[in-house]
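This is what each chain is made of:
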Amino acid sequence: VTFELKNLIGVYRETPHIVYTDYTQPVYSYDQENWKRITDVKYDSASYTFQFTELFEEEPVWIAYAHPYPVSRINDFLERVKSSEYAKINQLAKTKEGRNISLVHITDKKVPDDEKKTILILALQHAGEDAGGFMAEGLIQFLLSEDEDAASARKRFNYFIVPMMNPDGIFNGTSRYNMEMEDLNNIWLNDEKKQPEVTGVKNWAESWLAAGNDIDLFIDIHNHSQFHQYNVFVLQGHELDTLADVMDKYWPIRNWHSEFRGSSCSYFYNKGIPSVTVELSQSHLADGKYLTIDDYLSFGKGTIMALNEFYTD
């Protein structure tokens, strides 16, 4: 079957935005669990037309721009996570459609908090940036494992993770937005645009800090579509320049500095908290290898390993 999609011009911060290329490879699945890439693709940049062809061996078949991370997956995953002795799940807010914004707290409770650093991590503020969900899942999965490095991380850190910031947007397929058609990552410094997803995290952070605790690092996980062929740290200052070098030992990533203000990173950076946005490729990297779900899961593990090393005294 050959598909032809026309007029493919999106919107990014109120300006035209292109996420298709001649190397964009959609994914397909017969069971919504196992996904393969479609490699026979063509893109006409003059007419913004994308064409792809695949011989399907079964039906029905599901096709997506990139590996989907559905609300059902995070719900099932958190149901399994809550039985761990190292995990506690708190509900920070309810979305417009009544879905929970969950905060997963992972640590070794036998070690006092004043002997630990605190890491806060968000994922899936933008509904179409699915790879971040897999990375957050891999991060949680590794932290709760019996691996020696995971046990060390639990003793040395309080990890607070919001694995899905925008469940309404993901369920309804609104790309960058929630069900109020707000880009959540654009409103953190705008007090006139209050949304429960962002307000819930802000309230928790303010309460945690007011109790005399620190947040030593903030990470917000995103994707930059199939247009860019690399993973990147987006930084507003230079305090974390060396962190990308450490991370790159465990999974491929590079630094990039941005002047954009208004995001979750801006909010925490303004509080003096070292902050970084992770932008994952949904395509391939410079070596030509297209990324898989297993790759994104491994990036989560690699992040924990790198932070163990980065914060070594």
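So, here is what we can say about the structure in this document. (Residues numbered from 1 in each chain as written. Predicted model: local features only at pLDDT ≥ 70, side-chain atom pairs only at ≥ 80, totals over all residues. Heavy atoms only, no water.)

### Thoughts on the sheet that holds strand 6 (residues 40–44)
- Read from one edge to the other, the open sheet built from three strands follows the order 1-7-6, with strand pairing classed as antiparallel. For this open sheet the edge positions go to strand 1 (2–5) and strand 6, each flanked by a neighbour on one side alone. Each adjacent strand pair in this sheet contributes to an overall mean axis angle of 10 degrees, direction not counted.
- Sheet topology places strand 1 next to strand 7 (residues 49–53); four bridges connect them, and they run antiparallel. Paired with T2 across the strands is T53, a residue of strand 7. (Pairing = 2+ DSSP bridges. Helix = DSSP H or I, 4+ residues; strand = E, 2+ residues; numbered from the N terminus. Axes fitted to C-alpha atoms, helices over the stretch in contact; angles between N-to-C directions.)

### Re the nonpolar core
- Counting 60 residues, the largest nonpolar core has I106, Y159, F233, L280 and L307 as its most contacted members.
- Judged by nonpolar contacts, the second largest core, of 23 residues, contains V201, A205, C265 and Y267. (Core = buried A, V, L, I, M, F, W, Y, C linked by side-chain atoms within 4.5 Å. Buried < 20%, exposed > 50% of the residue type's maximum accessible area, 1.4 Å probe, protein only.)

### Quick notes on the layout of surface pockets
- The computed volume of the second largest pocket comes to approximately 240 Å³.
- Lining the second largest pocket we find 14 residues, and of these N75, L78, Q91, N100 and S102 sit closest to its centre.
- Those elements that place two or more of their residues in the lining of the second largest pocket are helix 1 (71–81), strand 9 (87–94) and strand 10 (100–106).
- Among the elements that take part in the lining of the second largest pocket, helix 1 stands out by supplying five residues, more than any other.
- For the lining of the second largest pocket, the residue count by class is seven nonpolar, four polar and three charged. (1 Å grid on protein atoms, 1.4 Å probe; cavity = no way out; pocket = protein on both sides within 12 Å on 5 of 7 lines; lining within 4 Å. Points joined across faces, edges and corners; volume = space filled by probe spheres on them. Nonpolar A, V, L, I, M, F, W, Y, C, P; charged D, E, K, R; others polar.)

### Description of the environment of I215
- As for its placement among the helices and strands, I215 is situated in the loop between helix 5 (196–210) and strand 13 (217–223).
- The residues touching I215, leaving out its near neighbours within four places in the chain, are T118, L120, W204, A205, W208, L209, F268 and I273. (Contact = heavy atoms within 4.5 Å.)

### Describing empty space enclosed by the protein
- Overall, the coordinates contain one cavity of 30 Å³ or more when judged by the stated rule.
- Roughly 30 Å³ of internal volume is contained in the largest cavity.
- Looking at the largest cavity, the residues that line it are I121, M135, L139, I219, I221, F233, M247, V278 and T303.
- Among the elements of the structure, helix 2 (131–143) and strand 13 are those that each provide at least two residues to the lining of the largest cavity.
- Split by residue class, the lining of the largest cavity holds eight nonpolar, one polar and no charged.

### Side note on the sheet that holds strand 10
- The eight strands are arranged 9-10-12-11-13-16-14-15 in an open sheet whose pairing can be described as mixed. With one partner strand each, in any of the chains shown, strand 9 and strand 15 (254–257) form the two edges of the open sheet. Strand-to-strand twist of the sheet, defined as the mean angle between neighbouring strand axes without regard to direction, takes the value 25 degrees.
- Where strand 14 (residues 232–235) and strand 15 come together, four bridges link them in parallel fashion.

### Quick word on the packing of aromatic side chains
- If you walk through the whole model with that rule in mind, you get 19 aromatic pairs.
- Look at Y20 and Y65: their rings are 5.2 Å apart centre to centre, the planes differ by 70 degrees, and that puts the pair in the edge-to-face class. Of the two residues, Y20 is situated in the loop between strand 3 (15–17) and strand 4 (27–29) and Y65 in the loop between strand 8 (62–64) and helix 1; the sequence distance between them amounts to 45 residues.
- For Y65, a relative accessible area of 22% translates into the label partly exposed.
- Note on Y296 and F299: the rings are 6.0 Å apart at their centroids and 85 degrees apart in plane angle, and the pair reads as edge-to-face. Linking Y296 with F299, this pair stays in helix 8 (residues 293–310), spanning three residues, or about one helical turn.
- An aromatic cluster is present here, built from F3, Y20, F50, F52 and Y65 joined pairwise through their rings.
- Over the aromatic face of F171 sits the side chain of R99, whose NZ or CZ is 4.1 Å from the ring centroid.
- Between the NZ or CZ atom of R254 and the centre of the ring of Y230, over which it lies, the distance is 4.3 Å. (Phe/Tyr/Trp six-rings, centres within 6.5 Å; stacked < 30°, edge-to-face > 60°. Lys NZ or Arg CZ within 6 Å of the ring centre and 35° of its normal.)

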